[in-house]
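Okay, here's what each chain looks like letter by letter:
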Amino acid sequence: MRITNSIITNNTVRNVNTNKSTLDSLYTQLSTGKLIQKASENPIIAIRALRFRSEMSELEQYLKKNIPDARSWMKLTEDALDSVNGMVSQMVTYMVQGSTGSLDNEAKMSIINTMKQYRGQIYEDANATYSGRSIFTGYKTNSTMTFPNTDTTIQYDITETFTPEDLDQVMTISNSVDITSVHDVTDTQMPERYNTYRLRLSYDKIKEADLTIEYTDKNGNPVNPGITAQQVVVKDGKYYYQDGTTEIVPNPYQKMAADNNNPTPDAYFIAETGEIVMNKAAYAKLSEATSISTEYTKVGFEKGELRPENYFTCVCTTNDGVKKRTEYSSNRQDINYTVNFNQTMKVNTEGRDVFKHDIIRDMDELIDITQKTLDLQEKVSKLENMKKDSQYDPTEKKQIENMLTAAKKELDYSQDILQTMYGAANTSFTAYQNTVVGEIADIGARSTRLTLNETRLGNQSISLEELKSTNEDADEAETIIHLTTAHNVYEASLSAASKLMSTSLLDYI
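On a predicted model such as this, the values are computed, not experimentally measured, just so you know. Going along each chain's sequence as written, the residues are numbered from 1 onward. Only residues with pLDDT of 70 or above have their local features reported here, since the model is predicted, and side-chain atom pairs are shown and tallied only from 80 upward, although totals for entire chains, interfaces and linings are computed over all residues. Only hydrogens and water are set aside when side-chain values are computed; all heavy atoms of the structure are taken into account.

## Some thoughts on the nonpolar core
Spelled out, the test is: Grouping buried Ala, Val, Leu, Ile, Met, Phe, Trp, Tyr and Cys residues that are joined through side-chain atoms within 4.5 Å yields what is termed a nonpolar core. Throughout this description, buried means an accessible area under 20% of the type-specific maximum (1.4 Å probe, protein chains only), exposed means over 50%, and partly exposed covers the range between. Per the convention used, a helix needs a DSSP run of H or I reaching at least four residues, while a strand needs a run of E reaching at least two, with both numbered from the N terminus. By the convention used here, residues are in contact when the closest approach between their heavy atoms is within 4.5 Å.
One finds Ile276, Met278, Phe355 and Phe429 to be the most contacted residues of the largest nonpolar core, which totals 89 residues. The element best represented in this core is helix α2 (residues 43–99), accounting for 17 residues. In this view, Ile276 contacts Tyr197, Arg198, Leu199, Leu201, Leu211, Ile213, Ala229, Ala267, Tyr268, Phe269 and Thr294; residues no more than four positions away in its chain are not counted. Counting 14 residues, the second largest nonpolar core, distinct from the first, contains Val185, Leu383, Tyr392 and Ala406.

Structure below.
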């Protein structure tokens, strides 16, 4: 092959450019600190770099967004539950004091006022929010646990389920003494106390409607229809059938408490108080049931009442110019955050697990019976003063004496009921406190797990950063050595080229 000057020149220029390209690449590596600038330079390094960046992006999402958001949500939940726990703990103390029967009137009034304040505060804690989202309402984060305002038109068709443990007894007193006038009190008119079996619904002031209690027997077989509860209407402290004109005498509590295993009907549904009082036969059937179900309608809710959709399967009907029906399910509504690769964690606590209807209704009943006891003590004091008043003749004083005897008997019954209810409330409030403490402990366990994930992700982030640096970062010392070598080679190639270019064929002619 004939080698010409042109061939030598072209080869020399190409080699010089190759050395220059190598030198430029090393200069770029040194100035940028990266091994490659384009994926085509080294596809393997490029693929690994993309993979590392993708994983680090996910890690950043978990470490800087998901985990802090989850921790804040759980912290606010824990703060709200700590507040409730403190109030319930104080109420347990009151119940212990009340169950001893040693409280004076001032202490009883103090308990009433305190429980009223606690009742309102518990509702406020139930409506706690995080970044505008309600933290106790499950998926319905744009809603609240309670009604923010009184709504007299909203209607809910509610399906509520119970267990035999929800059955209890209610103690009532008949033949209360009327002191607006002086009159005689016969033996048959003396106050009497009754214990009646009942099933208490979650709401009172329920729309008047017949109520059927469906249940499954001890073998798990559905009994439908089950026990029918006849509607009772309450007006001016008296009980009437559903027509509102025929009075029930004796009252439903006395009828159901009668020593008769099977009076008619099976039960009375007292819509005003939200109670189903039943006879012994009905109680015996439900005591052996595996589950109990009721359906009822409530129209109108007061400010602060718990919203049914957070607890029950129900249908809400509103009528703001256009009638609208919304169905709600009682299924669990856990909000899960992804806090690690393929790992999720529940961050919410559902309000129905901690803000119970029973605890609020127990407080209402305690407030009511305590106030009645105070009123009875005032009634006895008035009768004692009337007995000493000279304006009454001997016959009237004898009648006042009988009224005073009846009033004292009624007061004794009421104080006994109050003491018993304080004892029962001590048990129920303690159990409720255990529930709240259990939820707080569960949040603590989840927070610990969240911290462990955060630590693990932090370590993983450091490892990924090291791998990413090893994969794509240029070693400065090594690059400088290569650059010095490449620079020397480049200069040598320029020197060789300059000697070649300085001679030509004309120099030999």
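Additional details are given in the paragraphs that follow.
## Regarding unusual backbone geometry
Each neighbour pair has its own omega, and for Val249 with Pro250 the value is -10°, a cis peptide bond. Along the chain, the position of Pro250 falls in the loop between β8 (238–241) and α4 (252–257). One non-glycine residue, Lys205, lies in the positive phi region at around 50°. Summarising the element assignment, Lys205 is placed in the loop between β5 (192–200) and β6 (211–216).

## Points about the pattern of salt bridges
Stated formally: Note on definitions: salt bridges are taken to be side-chain nitrogens of Lys or Arg within 4 Å of carboxyl oxygens of Asp or Glu.
All told, the structure shown has 25 salt bridges when counted by the stated rule. Among the salt bridges present, the one from Arg119 reaches Asp364, with a minimum N-O distance of 2.6 Å. Here Arg119 is found in helix α3 (residues 105–126), whereas its partner Asp364 is found in helix α6 (residues 357–388), with 245 residues between them in sequence. One salt bridge in this structure joins Glu401 and Lys387, with 2.5 Å as the shortest N-O distance. Here the residue Glu401 occupies a position in helix α7 (residues 394–472), and Lys387 occupies one in helix α6, the gap between them amounting to 14 residues. Taking the relative accessible area as the measure of exposure, Glu401 reaches 26% and is therefore partly exposed. On the basis of relative accessible area, Lys387 is assigned to the partly exposed category, the value being 37%.

## What about the side chain of Arg200?
The condition is simple: Polar contact is the term for a pair of N or O atoms within 3.5 Å; when the atoms are in protein, one must be able to donate a hydrogen and the other to accept it, and sequence-neighboring residues count only if both atoms are side-chain atoms.
Position of Arg200 relative to the elements: it lies in strand β5. Side chain to side chain, Arg200 and Asp362 meet in a polar contact 2.8 Å long. Looking at Arg200, its side chain comes within polar contact range of the side chain of Glu365, at 3.3 Å. In this structure Arg200 touches Phe162, Gly274, Asp358, Arg361, Asp362 and Glu365, once residues within four positions along its chain are discounted.

## Let's talk about the packing of aromatic side chains
Worth spelling out the cut-off: A pair of aromatic rings is counted whenever rings of Phe, Tyr or Trp (Trp by its six-membered ring) have centres within 6.5 Å, and the orientation is called stacked for planes under 30 degrees apart, edge-to-face for over 60 and tilted otherwise.
According to the stated counting rule, one finds 11 aromatic pairs in the structure shown. Relative to Phe341, the ring of Tyr62 lies with its centre 5.4 Å away and its plane at 90°, an arrangement referred to as edge-to-face. Of the two residues, Tyr62 sits in helix α2 while Phe341 sits in the loop between β14 (336–340) and β15 (343–346), which places them 279 residues apart along the sequence. A residue is classified by how much of its surface remains accessible, and Tyr62, at 8% relative accessible area, is buried. Between Tyr311 and Phe312, the ring centres sit 6.0 Å apart and the planes meet at 40°, which makes this aromatic pair tilted. Per residue, the accessibility class of Tyr311 equals that of Phe312, and both read buried. Cluster of aromatic residues (ring-pair linked, three or more members): Phe147, Tyr156, Tyr203, Phe301, Tyr311 and Phe312.

## A closer look at the confidence of the model for the chain
Selection rule: Confidence scores labelled pLDDT are given residue by residue by the predictor and lie between 0 and 100.
In this model, the chain carries an average pLDDT of 85, and 95% of its residues clear a pLDDT of 70 or more. Per-element mean pLDDT across the chain ranges from 75 in strand β13 (residues 323–328) up to 92 in strand β2 (residues 133–134).

## Let's talk about the side chain of Thr137
With respect to the helices, strands and loops of the structure, Thr137 is situated in the loop between β2 and β3 (151–162). Residue Thr137 is classed as buried on the basis of its relative accessible area, which comes to 2%. In terms of polar contacts, Thr137 uses its side chain to reach the side chain of Ser134, at 3.4 Å. Within the structure, Thr137 has its side chain in polar contact with the backbone oxygen of Lys140 (distance 2.6 Å).

## A short note on the pairing of β3
Stated formally: For two strands to pair, DSSP has to find at least two bridges joining them.
With nine bridges joining them, β3 and strand β11 (residues 291–301) adopt antiparallel strand pairing. Directly across from Asp151, in β11, lies its bridge partner Phe301. Strand direction decides the pairing type here: β3 and strand β12 (residues 313–319), joined by five bridges, are antiparallel. Paired with Tyr156 across the bridge in β12 is Cys316.

## Focus on empty space enclosed by the protein
Take a probe with the size of a water molecule and roll it over the atoms, and the empty space left behind shows itself. Our working definition: Any residue with an atom within 4 Å of a point lines the site, the site being either a cavity, points on a 1 Å grid over the protein atoms alone where a 1.4 Å probe fits but cannot get out, or a pocket, an open set with protein on both sides within 12 Å along at least 5 of 7 lines. Grid points are joined across faces, edges and corners, and a volume is the space filled by probe spheres set on the points. When residue character is reported, Ala, Val, Leu, Ile, Met, Phe, Trp, Tyr, Cys and Pro are called nonpolar, Asp, Glu, Lys and Arg charged, and the others, Gly included, polar.
Within the structure shown, the criterion is met by one cavity of 30 Å³ or more. For the largest cavity, the calculated volume is near 60 Å³. In terms of lining, the largest cavity is formed by 14 residues, of which the most central are Lys140, Asn310, Gln333, Glu350 and Arg352. Partitioning the lining of the largest cavity into residue classes produces two nonpolar, eight polar and four charged.

## Details of the packing of α2 against α7
Quick note on the threshold: Interaxial angle, 0 to 180 degrees, is taken between N-to-C directions of lines fitted to C-alpha atoms, where a helix line uses only the stretch in contact. Every angle not falling under 35 degrees, over 145, or within 65 to 115 is termed oblique; those three ranges are roughly parallel, roughly antiparallel and roughly perpendicular. If you view the pair so one helix is near and one far, a crossing is left-handed when the near helix is turned anticlockwise from the far one by less than a right angle, and right-handed when it is turned clockwise.
Where α2 meets α7, the axes come as close as 7 Å, and the angle between the chain directions of the two elements is 165°. Relative to α7, α2 is oriented roughly antiparallel. Along this stretch, α2 crosses α7, giving a crossing that reads as left-handed. By residue class, the composition of the contact of α2 with α7 is 30 nonpolar, 17 polar and 12 charged.

## Let's talk about the packing of α2 against α3
When two helices pack together, you describe them by how their axes are tilted relative to each other and by the distance separating the axes. In contact at an axis separation of 10 Å, α2 and α3 are set at 160° when each is read in the N-to-C sense. Taken together, α2 and α3 sit at an angle that is classed as roughly antiparallel. At the point where α2 passes α3, the crossing takes the left-handed sense. On α3, the residues that touch Ala80, Ser83, Val84, Met87, Gln90, Met91, Tyr94 and Met95 of α2 are Ile111, Thr114, Met115, Tyr118, Gln121, Ile122 and Asp125.

## So, the state of the cysteines
Note the cut-off: Criterion for a disulfide: a pair of cysteine sulfur atoms at a distance within 2.5 Å.
With the rule as written, the count across this model stands at zero disulfides. The thiol of Cys314 is not disulfide-bonded; the next cysteine sulfur, from Cys316, is found 7.3 Å away.

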